[in-house]
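Read off the chains here:
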Amino acid sequence: MSELSTYESFAVSVESKIAHVQFNRPESLNSMNKAFWLELPRCMQDIEANTDARVIVVSSTGKHFSAGMDLGVFTDPKAVPMSGDPGRMAENLRRVVMQLQDTLTSLETVRLPVLAAIHGGCIGGALDLVCAADSRYCTEDAYFTIKETELGMTADVGTLQRLPKLMPEGVVRELAYTGRKLTAQEANRLGFVNAVYPDQQSLVAGVMEIAAKIAANSPLAVTGCKEMLNYSRDHTVADSLKYMATWQAGMFRPTDMMKTFQAKAQKQTPQYDDLFPVKGLFEK
């Protein structure tokens, strides 16, 4: 296992096949600054390429999970020129927005399940981020808000596309149009979060227990689940069934099942081989 990179926006540790990505800029309410947008995809790739992690837990520090997008991202003239031909400015802005979208989509494209442990405010761009996670858990004092509406813009990096697939569309429309807070209790009732914990300490401990159960399973079976669930969300049932059959024909091998049966017969915990690391083309 190679040494992990260090990041300005988060601390990363790997233990017992669980990667813990912790936002560590509490003095700035963990706002998503320029470094964050560059580092998050690299962090996901680093975990896949250089660790034995089988699941990723994302949590935070300080009073809030994240205050969302740092406005400095859009006021940087290098990224978003404020003068020139209107058509060229619009083309550039479109490309910047798609690059920001790709940053958060990295939580979906990474083959490992991503569990978000949320406390305090999950605001604006932070809500876009957790919508891209596989599962969400939060504290009793957590709340979620599509803050962009109150700021005079339309949320543009994933919430409006993913949230209607995670909870009733009528509620999503209300949240988007009003910008009001979605409480932890309402989020739990609507199925947006899986569980609510009393405080941050119990939240992280509880999510780590769930992550440990995931990590104990066959990593090939788990990544197959993520691949199929993501594909099925965006395709018809018929297309998804055909893809499932193709995946199973190509990826299924009885090795892990035999290990499971043997371990149960011997009243032991099965030990599965790790997946091969995800490397760049021709990278050692």
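The following refers to the structure shown. (Residues numbered from 1 in each chain as written. Predicted model: local features only at pLDDT ≥ 70, side-chain atom pairs only at ≥ 80, totals over all residues. Heavy atoms only, no water.)

1. Some details on the sheet that holds strand 3 (residues 55–59)
Then, in step 1: Taken in spatial order, the six strands of this open sheet run 1-2-3-4-6-9, and their pairing is mixed. If you trace the sheet from one side to the other, it starts and ends with strand 1 (10–15) and strand 9 (195–197), each paired once. Within this sheet the neighbouring strands show an average axis-to-axis angle of 20 degrees, counted without direction.
Then, in step 2: Sheet topology note: the strand 1/strand 2 (residues 18–23) ladder contains six bridges and is antiparallel. (Pairing = 2+ DSSP bridges. Helix = DSSP H or I, 4+ residues; strand = E, 2+ residues; numbered from the N terminus. Axes fitted to C-alpha atoms, helices over the stretch in contact; angles between N-to-C directions.)

2. Side note on the side chain of Asp-46
Then, in step 1: Along the chain, Asp-46 falls in helix 1 (residues 34–50).
Then, in step 2: This buried residue, Asp-46, is left without a salt bridge; Lys-279 holds the nearest opposite charge, at 7.7 Å.
Then, in step 3: Apart from residues no more than four positions distant in its own chain, Asp-46 is found in contact with Leu-4, Ser-5, Tyr-7 and Thr-51. (Buried < 20%, exposed > 50% of the residue type's maximum accessible area, 1.4 Å probe, protein only. Lys, Arg positive; Asp, Glu negative; His and termini not counted. Salt bridge = Lys/Arg side-chain N within 4 Å of Asp/Glu carboxyl O. Contact = heavy atoms within 4.5 Å.)

3. Quick look at the packing of aromatic side chains
Then, in step 1: Tallying each qualifying case throughout the model produces eight aromatic pairs.
Then, in step 2: Between the aromatic rings of Phe-23 and Phe-36, the centroid separation amounts to 5.6 Å while the plane-to-plane angle is 80 degrees, which identifies the pairing as edge-to-face. With a gap of 13 residues between them, Phe-23 in strand 2 and Phe-36 in helix 1 connect regions that are remote in the sequence.
Then, in step 3: On the basis of relative accessible area, Phe-23 is assigned to the buried category, the value being 3%. (Phe/Tyr/Trp six-rings, centres within 6.5 Å; stacked < 30°, edge-to-face > 60°.)

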